[in-house]
Amino acid sequence: GWNGWGCTDNAEAFSYGFQLLSTLLLCLSNVMFVPPVAIAVRSHYLLEAAVYIFTMFFSTFYHACDQPGIVVFCIMEYDVLQFCDFLGSLMSVWVTVIAMARLQPVVKQASAVLYLLGAMLLSMALQMDRHGLWNLLGPSLFALGIMAVAWTARTIRRRHCYPPTWKRWAFYLCPGALIAAAAVLLYAFVETEENYFYIHSIWHLLIAGSVGFLLPPRAKPSGRLGPLPRRKGCGYQLCVNEQEELGLVDPAVASINSICTS
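Residues numbered from 1 in each chain as written. Predicted model: local features only at pLDDT ≥ 70, side-chain atom pairs only at ≥ 80, totals over all residues. Heavy atoms only, no water.

**Here we look at the overall build of the chain**
Here's step 1: For the chain, the count of helices and strands is 10 helices and 0 strands.
Here's step 2: A buried classification covers 41% of the 262 residues belonging to the chain.
Here's step 3: Taking as baseline every contact in the chain between residues at least 6 positions apart, the subset at least 24 positions apart corresponds to 69%.
Here's step 4: About 14700 Å² of surface is accessible on the chain, with carbon and sulfur atoms providing 69% of the total. (Helix = DSSP H or I, 4+ residues; strand = E, 2+ residues; numbered from the N terminus. Buried < 20%, exposed > 50% of the residue type's maximum accessible area, 1.4 Å probe, protein only. Contact = heavy atoms within 4.5 Å. Areas by Shrake-Rupley, 256 points an atom, 1.4 Å probe, with all protein chains shown as cover.)

**Focus on the packing of helix 1 (residues 16-28) against helix 3 (residues 46-65)**
Here's step 1: It is the contact of helix 1 with helix 3, at a shortest axis distance of 8 Å, that shows an interaxial angle of 165 degrees. Comparing their axes, helix 3 and helix 1 come out roughly antiparallel. Handedness of the helix 1/helix 3 crossing: right-handed. Of the residues in helix 3, those touching helix 1 at Thr 23, Leu 26 and Cys 27 are Thr 60, His 63 and Ala 64.
Here's step 2: For the contact of helix 1 with helix 3, a count of residues per class yields 3 nonpolar, 3 polar and no charged. (Axes fitted to C-alpha atoms, helices over the stretch in contact; angles between N-to-C directions. Parallel < 35°, antiparallel > 145°, perpendicular 65-115°, else oblique. Left-handed = near helix turned anticlockwise from the far one by under 90°. Nonpolar A, V, L, I, M, F, W, Y, C, P; charged D, E, K, R; others polar.)

**Here we look at the packing of aromatic side chains**
Where two aromatic rings form a pair, the distance of their centres and the angle of their planes describe that pair.
Here's step 1: In this structure the tally under the stated criterion is 15 aromatic pairs.
Here's step 2: Seen from their ring centres, Phe 33 and Tyr 52 are 6.3 Å apart, and the 35 degrees between their planes marks the pair as tilted. Highlighted residues: Phe 33 in the loop between helix 1 and helix 2 (34-42) and Tyr 52 in helix 3, separated in sequence by 19 residues.
Here's step 3: Judged by centre distance (4.6 Å) and plane angle (45 degrees), the ring pair of Phe 54 and Phe 58 falls under tilted. Highlighted residues: Phe 54 and Phe 58, both in helix 3, separated by 4 residues, approximately one helical turn.
Here's step 4: The exposure class of Phe 54 is partly exposed, given its relative accessible area of 32%.
Here's step 5: Among the aromatic residues, those joined into a ring-pair cluster are Phe 54, Phe 57, Phe 58, Phe 61 and Phe 73.
Here's step 6: Just above the ring of Tyr 162 sits the side chain of Arg 154; from NZ or CZ to the centre is 4.7 Å. (Phe/Tyr/Trp six-rings, centres within 6.5 Å; stacked < 30°, edge-to-face > 60°. Lys NZ or Arg CZ within 6 Å of the ring centre and 35° of its normal.)

**Comments concerning helix 1**
Here's step 1: Over its 13 residues, helix 1 runs 18 Å from end to end, which matches the ideal 18 Å to within 8%, given 1.5 Å per residue.
Here's step 2: When we look at burial in helix 1, the residues that qualify are Gln 19, Ser 22, Thr 23, Leu 26 and Cys 27. The buried residues of helix 1 occupy one face: seen down the axis, they fall within an arc of 125 degrees.
Here's step 3: Elements in contact with the buried residues of helix 1: helix 3 and helix 8 (196-214). (Expected span 1.5 Å × (residues − 1). Arc of directions from axis to C-beta.)

**Digging into helix 8**
Here's step 1: The first and last C-alpha atoms of helix 8 sit 26 Å apart over 19 residues, in line with the 27 Å expected at 1.5 Å per residue.
Here's step 2: Along helix 8, the residues that are buried comprise Phe 197, Ile 199, His 200, Ser 201, Trp 203, His 204, Ile 207, Ala 208, Gly 209, Ser 210, Val 211 and Leu 214.
Here's step 3: In this structure, the buried residues of helix 8 make contact with helix 1, helix 2, helix 3, helix 4 (78-101), helix 6 (134-158) and helix 7 (166-190).

**Structural notes on the packing of helix 4 against helix 6**
Here's step 1: Where helix 4 contacts helix 6, the two axes come as close as 8 Å, and the packing angle between them is 5 degrees. Here helix 4 is positioned roughly parallel relative to helix 6, judged by the angle of their axes. Across the interface between the two elements, Leu 90, Val 93, Trp 94, Val 97, Ile 98, Met 100 and Ala 101 of helix 4 pack against Asn 135, Leu 136, Pro 139, Ser 140, Phe 142, Ala 143, Leu 144, Ile 146, Met 147, Ala 150, Trp 151 and Arg 154 of helix 6.
Here's step 2: Looking at the contact of helix 4 with helix 6, its residues break down into 16 nonpolar, 2 polar and 1 charged.

Structure, rendered in structure tokens:
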């Protein structure tokens, strides 16, 4: 920000304190990824946890290397740090939404293909244009489409809205979706060069916080619950759905199709 022929006019120059504050905000705001990592590990979403750790690491050191002043610290080449930061951010969105789809065991291979295909296509898109808004919106909308199809198929098969519990909608999905939407709006329409250091820090906090709400619970074996009684008709269907959504019963153990036969 120094001006003049001799670069002596500091009227618009960033002070050392301001540079240090902006760097610390951009770097330390990535600590918000620690809770989603812990939630993912606890729920056995190890691949997702690895992606979040990758994102947290490279976002921290990319922003430490991306500063315009003298508070700069680079552990790798700038271009490598930038690519890994952008890739990790997009992959975090991708793997979270695919995890939310909760594809059935019969198509688990498709889930692995989607993870790998997303990584390859996102890498190609970032090489073409790293700052394009559609690099974020495109994969997000495509993943949301996959999730919508999977949830609709479950809803039709079970004849009940999925996820089946209102608590899941009220305390997890709706707050997570609102936080993620606010993050995207800030990133797309509010962030400028002047407010970058604090708006982008808020983006880190919001996008990481939304992940903690949106990750679904992991289905657990039903050894502690005992055998489930078989009843005629579909009166027991909602109970099985709720237990599965809360992670209390393994979908492979309690087959809804076998219960709902009359």
